[in-house]
Amino acid sequence: PMLQQGFKVALPAAATGKRVPSVGATITLTKEHVVYFNHEVVTFTELRQKLAGIKGAHPVFLRSDRYAYVNHLIALWDLCRDMGVRDIHVATVTE
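Residues numbered from 1 in each chain as written. Predicted model: local features only at pLDDT ≥ 70, side-chain atom pairs only at ≥ 80, totals over all residues. Heavy atoms only, no water.

Observations concerning the overall build of the protein
Line of reasoning, step 1. The number of helices and strands found in the protein is two helices and seven strands.
Line of reasoning, step 2. The order of helices and strands in the protein, counted from the N terminus, is β-β-β-β-α-β-α-β-β.
Line of reasoning, step 3. The globule rule puts the C-alpha radius of gyration for 95 residues at 12 Å, and the 12 Å found for the protein is close to it.
Line of reasoning, step 4. With respect to the three principal axes, the spread of C-alpha positions in the protein is 35 × 25 × 20 Å.
Line of reasoning, step 5. Counting every position in the protein, which comprises 95 residues, the buried fraction comes to 39%.
Line of reasoning, step 6. Contacts in the protein between residues at least 24 apart in sequence constitute 69% of all its contacts with a sequence separation of at least 6.
Line of reasoning, step 7. Averaging the coordinates of the 11 positive side-chain charges in the protein and doing the same for the 8 negative ones gives two points 5 Å apart. (Helix = DSSP H or I, 4+ residues; strand = E, 2+ residues; numbered from the N terminus. Rg over C-alpha atoms; globule rule 2.2 N^0.38 Å. Buried < 20%, exposed > 50% of the residue type's maximum accessible area, 1.4 Å probe, protein only. Contact = heavy atoms within 4.5 Å. Lys, Arg positive; Asp, Glu negative; His and termini not counted. Charge placed at Lys NZ, Arg CZ, Asp CG, Glu CD.)

Written out as structure tokens, the structure reads:
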């Protein structure tokens, strides 16, 4: 999915990305590895609590800077899945 809002991150490019409605929560990972839930800086513990609050009822959009470590992105993805979120999208830009 392509999503352009919030904090500045250099999104990775994808030739196969498609637009989806941007309704739901947004998790942003900056190149400095700072994590935001919507517009709030959060720790993994705080993020876990916020994801528990939505109980997987809404999609989550992961916005990761292309220069952020992949293992940090995967950790966020795993946390979402662990908290019951099944509708997860990774934001990209069109090549």
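A few points about helix α2 (residues 70-82)
Line of reasoning, step 1. Taking 1.5 Å per residue, 13 residues should reach 18 Å; α2 reaches 18 Å between its end C-alpha atoms and fits that length.
Line of reasoning, step 2. Leu 73, Leu 76, Leu 79 and Cys 80 are the residues of α2 that are buried. Take α2 and look down its axis: the buried residues cluster within an arc of 120 degrees, on one side only. Residues of α2 that are exposed and point more than 90 degrees away from the buried face comprise Val 70, Asn 71 and Asp 82.
Line of reasoning, step 3. On the buried face of α2, the contacting elements are β2 (25-29), β3 (35-37), α1 (44-54), β5 (60-64) and β6 (88-90). (Expected span 1.5 Å × (residues − 1). Arc of directions from axis to C-beta.)

Topic: the sheet that holds β6
Line of reasoning, step 1. Pairing in this open sheet of five strands is mixed, and the strands run β4-β3-β2-β5-β6 from one edge to the other. The strands lining the two open edges of the sheet, one partner per strand, are β4 (40-41) and β6.
Line of reasoning, step 2. The pairing of β3 with β4 spans two bridges and is antiparallel. Bridge pairing links Phe 37 to Glu 40 in β4.
Line of reasoning, step 3. Where α1 meets the sheet, its contacts fall on β2, β3, β4 and β5, and the angle it forms with β3 comes to roughly 25 degrees.
Line of reasoning, step 4. Sheet strands in contact with α2 are β2, β3, β5 and β6, and its direction is about 170 degrees off that of β5. (Pairing = 2+ DSSP bridges. Axes fitted to C-alpha atoms, helices over the stretch in contact; angles between N-to-C directions.)

Quick word on the environment of Glu 46
Line of reasoning, step 1. Mapping Glu 46 onto the fold places it in helix α1.
Line of reasoning, step 2. Between the C-alpha atoms of Glu 46 and Arg 86, which are 40 residues apart in sequence, the distance is 19 Å.

A look at α1
Count 3.6 residues to each turn of an α-helix, and residues three or four apart come out pointing the same way.
Line of reasoning, step 1. Within α1, burial applies to Leu 47, Leu 51 and Ile 54. Buried residues in α1, looked at end-on, bunch into an arc of 55 degrees, giving them a common side. Set apart from the buried face of α1 by more than 90 degrees, the exposed residues are Thr 45, Gln 49 and Gly 53.
Line of reasoning, step 2. Against β2, β3, β5 and α2 lie the buried residues of α1.
Line of reasoning, step 3. The positive-phi residue at the C-terminal boundary of α1 is Lys 55, with phi of around 50 degrees.

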